[in-house]
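Below, each chain spelled out in residue letters.
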Amino acid sequence: MMQSKFQELVSKAQFAMCVFSNPDATDVALVGFESGDEALQELQARGVSRLVGVVGIADGQACSEFDVPLDGPVIDAISAAFVQAFEIRYHDAIEVEKARLGSLAWLEDLHALPDTRQN
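Residues numbered from 1 in each chain as written. Predicted model: local features only at pLDDT ≥ 70, side-chain atom pairs only at ≥ 80, totals over all residues. Heavy atoms only, no water.

**Quick word on the overall build of the protein chain**
Where we set the bar: The helix count covers DSSP runs of H or I at least four residues long, the strand count covers runs of E at least two residues long, and both are numbered beginning at the N terminus. The atom set for the radius of gyration is the C-alpha atoms, and the globule formula is 2.2 Å times the number of residues raised to the power 0.38. A simple rule labels every residue: compare its accessible area, found with a 1.4 Å probe on the protein chains alone, to the largest value its type can have, and call it buried under 20%, exposed over 50%, or partly exposed in between. Throughout, a contact is declared for two residues whenever any of their heavy atoms are within 4.5 Å.
Within the protein chain, the secondary structure is distributed over 4 helices and 4 strands. Moving toward the C terminus, one meets the helices and strands of the protein chain in the order α-β-β-α-β-β-α-α. Its C-alpha radius of gyration of 21 Å places the protein chain more than 25% over the 14 Å reference for a compact globule of 119 residues. C-alpha atoms of the protein chain, sized along the principal axes, occupy 75 × 35 × 30 Å. Taken across its 119 residues, the protein chain has 26% of its residues classed as buried. Within the protein chain, residue pairs in contact and separated by at least 24 positions form 60% of the contacts whose partners lie at least 6 positions apart.

Structure follows, in structure tokens:
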């Protein structure tokens, strides 16, 4: 059975979201796969109920698939919303990594200092 390009992206992604739009693709919303019917009902009430694509992170790389052409400002809005959702979802892991990298940088800077001890 052949997978759709959306299914293929989702199967490879470690984090993915559906992109819905209104009929003329000027208003978009991202919805996580774990979202329930309430989120979809809110989108329908807003007139944003057409699935137009999927965005995700696969093997550390951003990836996306869309069924319709989207304008630059719409893509910018999708990107910003995706980054925000990613940061919310992985906030704790991001903070741990930032602290780890900060400590590592401090140690590297310490190691780079000249040794001024007298032998």
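Following the structure, the description resumes.
**Considering the packing of aromatic side chains**
How we decide: Aromatic rings from Phe, Tyr and Trp, taking only the six-membered ring of Trp, are treated as a pair when their centres fall within 6.5 Å; an angle between ring planes under 30 degrees marks them as stacked, one over 60 as edge-to-face, and anything in between as tilted.
Within this structure, the stated rule accounts for 4 aromatic pairs. Geometrically, the ring pair formed by Phe15 and Phe86 is edge-to-face, given 5.5 Å between the ring centres and 75° between the ring planes. In this pair, Phe15 sits in strand 1 (residues 15-21) while Phe86 sits in helix 3 (residues 72-89), placing the two residues 71 residues apart along the sequence. You can call Phe15 buried: its relative accessible area is 6%. A residue is classified by how much of its surface remains accessible, and Phe86, at 25% relative accessible area, is partly exposed. Among the aromatic residues, ring-to-ring pairing joins Phe15, Phe82, Phe86 and Tyr90 into one connected group.

In short, geometric facts, not functional conclusions.
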